Amino acid sequence: MNHSDNIETKLIHGGISLDEHTGAVNVPVYLTSTFKQDGLGIRREGWEYARTGNPTRAALESLIADLDGGTGGFAFASGMAAINAVLSLLREGDRVLISSNVYGGTYRILDKVWKNFGLSYTIADTGDLNHFESAISPDARAVLIESPANPLLTVTDIQAVADIAHRHGLLVIVDNTFMTPYLQKPLELGADIVVYSATKYLGGHSDVIAGLVVARNNELCEQLAFIQNATGGTLGPFDSFLLQRGIKTLSVRLDRHVSNAEKMVSHLLHHPAVRKIYYPGLQNDPGFEVNRKQAKNGGAMISFELNPERYDVRLFFKSLRLIMLAESLGGVESLVCHPASMTHASIPKDVREKVGITDGLIRLSIGIELIDDLINDIDQAIDSSEIKK
Ligand SMILES: *Cc1c(COP(=O)(O)O)cnc(C)c1O
């Protein structure tokens, strides 16, 4: 459909966004596993079997491709299923470079699953371009990065990494879960493939597990379509509908998420209990300049550290009344997590501390509640967690 190039409008009208048969303003949920054929080899509009293609899923896939400016999109049953499909593009003997702070599940699937099939990986510091280039060995075929990355919101220069990687013939994969196409478009920065855990901001309501992939060119799309159909980890029609519904409000949700995050950061900056704040939208954050160059703003994830000698983090988490302690992020409700004992618990303490994931570190996914309520909740929880001498 012909429409605006502005993403706020595309979120609503992009891809296939209505039902051509009835005029329904939403794409129906096609709960069907197969499609009647009108004769041998005569398929209505090409539909055949719903693992291969379902109209509701296809609408979502065309929407995400449109939003990211890619040639095609692919929807999977989870972010990990999407990452697994992308890794399936590689072969035995190939090597993947990953940044030191990729999502734990990405590290796990490489270390515990793909390693058994002869795919190796190297952890590289993609924040240091010389270090990154020197880590590219002759068997390297791909690089997978996140920016900003969990949990210290470290920024990687996507364009610079893509330029170096392409000079060495590597496929550039960006996990853009934390930013979404509304805040950052990796394909425009030179990436070949973008992956999402759509479970997070794209879905936005903590009610669906889903993954999306967008690829730059026809060749990659043909390979991904083949892998998606052959391995079968596809997203069901109802979850596809929920994601389209979530994506329509992405811009208004994220505007509010980000403005809340900026207000929370300003508040925490002046809080005597807070020792350190990690937020790429903060002017003195080491990632500020690069992030400003490649993204609309600093996003809505914040990490901060309470002084562990004076505050008991366990008590802090227990004392929160509104903000919930939970895995995940990107939903309308605010969530906190404790990386040292949750997402990064498998990393030995001394290694963790060295990279900055201390026991006092708190990661906050700011929701869209009224910011005053969120600030009050954080303040009262900090007060309650002060260690009485
Ligand atoms: C959550 C997450 C994933 C995994 O996605 P699931 O939908 O949970 O399978 C991958 N990458 C990032 C950055 C994530 O936050």
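Just so you know, these numbers come straight off a predicted model, no measurement behind them.

## Points about the sheet that holds strand β1 (residues 72-76)
- With mixed pairing, seven strands are arranged side by side in an open sheet as β1-β7-β6-β5-β4-β2-β3. Strands with a single pairing partner mark the edges of an open sheet, and in this sheet they are β1 and β3 (120-124). Averaged over all pairs of adjacent strands, the angle between their axes in this sheet comes to 20°, without regard to strand direction.
- Two elements, strand β2 (residues 95-99) and strand β4 (residues 140-146), share four bridges in a ladder whose sense is parallel. In the strand pairing of β4, Arg 95 is matched with Ala 140.
- Contacts from helix α4 (residues 104-113) reach β2, β3 and β4, with the element oriented near 140° to β3.

## A few points about unusual backbone geometry
- A cis geometry characterises the amide bond from Ser 147 onward to Pro 148, with omega recorded as -5°.
- Inspection of the secondary structure puts Pro 148 in the loop between β4 and α6 (158-167).
- Following Asn 150, the chain continues to Pro 151 via a peptide bond in cis, the omega torsion being -10°.
- By secondary structure assignment, the location of Pro 151 is in the loop between β4 and α6.
- Of note, Leu 153 is a non-glycine position whose phi angle comes to about 55°, a positive value.
- A relative accessible area of 2% places Leu 153 in the buried class.
- Phi is positive for Ser 206, which is not a glycine, with a value near 50°.

## Some details on the sheet that holds strand β12 (residues 361-365)
- Taken in spatial order, the five strands make up an open sheet running β8-β9-β12-β11-β10, and their pairing is mixed. Unpaired on one side and paired on the other, β8 (274-278) and β10 (324-325) mark the two borders of the sheet.
- Bridge count between strand β9 (residues 301-306) and β12: five bridges; the pairing is antiparallel. Looking at β12, one finds that Ile 302 is bridged to Leu 364.

Parameters at a glance
Residues numbered from 1 in each chain as written. Predicted model: local features only at pLDDT ≥ 70, side-chain atom pairs only at ≥ 80, totals over all residues. Heavy atoms only, no water. Pairing = 2+ DSSP bridges. Helix = DSSP H or I, 4+ residues; strand = E, 2+ residues; numbered from the N terminus. Axes fitted to C-alpha atoms, helices over the stretch in contact; angles between N-to-C directions. Contact = heavy atoms within 4.5 Å. Buried < 20%, exposed > 50% of the residue type's maximum accessible area, 1.4 Å probe, protein only.

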